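Coordinates in review
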Amino acid sequence: MSFQRVGQGEYVRSLIFEFLNPKELCSVSLVSKEWQKDATSNMLWKNLASKRWSNKWTPNVDLKTNNWKREYVNAEKDAKNDRIKMEQLTKYYWKFKFKSQGGGTLGTQYVRYMGLSSLSRLHPYYGYLMMHAGYPPLRFKLEECKLPDGEWKQVVSIHTFPPHFVTREKDWSWKIENVFVVMRCVEDDEVPAKVK
């Protein structure tokens, strides 16, 4: 029996499509123009994204988009990237804590990385780490570092401190840490107003 005989083909098809994963949706979109229209529905991809991303860090997603499929694909591609870009490093606030080896009782603060726009063409990976008032800005460089086992890791070299390794977490957020401190990226609404 075709969907047309049911009389509510689009409705039934959309209910079925809600159970498909992104790869399956892309496959069924090749069946016909009608199926393509239903399989690329903005509402369908928005629902798919909200289920998939319920516990993911996705600050770059445009929540006002009229193309949720594109946002979904772009976010999924970005999540596979394990190298932070300078634009991302300088865009977010970072929750900064000392580990016990670094005097962990000093509490939490929010810091920002500031790129040097005047030198951006000459030195695109340099800038300053801005901490609370009273701390001088600390020069940093985003670079690759070869470990003793031959693996290359991305690091943020800050002033004269041991290298800070950059890691992409399972929830897609970023973490920067060395033996003394750990910094995690946070969304703007998590940062106290007095810090901004």
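All of the points below concern the structure found in this document.

Cut-offs applied
Residues numbered from 1 in each chain as written. Predicted model: local features only at pLDDT ≥ 70, side-chain atom pairs only at ≥ 80, totals over all residues. Heavy atoms only, no water. Pairing = 2+ DSSP bridges. Helix = DSSP H or I, 4+ residues; strand = E, 2+ residues; numbered from the N terminus. Axes fitted to C-alpha atoms, helices over the stretch in contact; angles between N-to-C directions. Parallel < 35°, antiparallel > 145°, perpendicular 65-115°, else oblique. Contact = heavy atoms within 4.5 Å. Nonpolar A, V, L, I, M, F, W, Y, C, P; charged D, E, K, R; others polar. Buried < 20%, exposed > 50% of the residue type's maximum accessible area, 1.4 Å probe, protein only.

**Some words on the pairing of strand E4 (residues 138-146)**
Pairing analysis gives 4 bridges linking strand E3 (residues 126-130) to E4, with the strands arranged antiparallel. Along E4, the bridge assignment pairs tyrosine 126 with lysine 141. Here E4 pairs with strand E5 (residues 152-158) via 7 bridges, running antiparallel. When the sheet's bridge partners are listed, leucine 142 is paired in E5 with valine 156. Between E4 and E5, which pair antiparallel in sequence order, lie 5 residues; one of them, glycine 150, sits at a positive phi of approximately 95 degrees.

**Structural notes on the sheet that holds strand E2 (residues 108-115)**
As a general point, the strands of a sheet are linked pairwise by backbone hydrogen bonds and lie either parallel or antiparallel. The antiparallel closed barrel is built from 8 strands, whose spatial order is E1-E2-E3-E4-E5-E6-E7-E8. Between one strand axis and the next, the sheet turns through 35 degrees on average, direction left out of account. With 6 bridges connecting them, strand E1 (residues 93-98) and strand E8 (residues 181-186) associate as antiparallel partners. Bridge assignment links tyrosine 93 to a residue of E8, and that residue is valine 186.

**Thoughts on the packing of helix H5 (residues 42-52) against helix H6 (residues 68-79)**
Running from N to C, H5 and H6 cross one another at 30 degrees; their axes reach a closest spacing of 8 Å. Judged on the interaxial angle alone, H6 and H5 are roughly parallel. Residue-level inspection shows Asn42, Trp45, Lys46, Leu48, Ala49 and Arg52 of H5 in contact with H6, the latter providing Trp68, Lys69, Tyr72 and Glu76. Class assignment of the residues belonging to the contact of H5 with H6 gives a composition of 5 nonpolar, 1 polar and 4 charged.

**A look at the side chain of glutamate 76**
Within the element layout of this structure, glutamate 76 appears in helix H6. A residue is classified by how much of its surface remains accessible, and glutamate 76, at 14% relative accessible area, is buried. With residues near it in sequence (within four places) discarded, glutamate 76 still touches Arg52, Trp53 and Trp172.

By themselves, these observations are geometric and do not establish any function.
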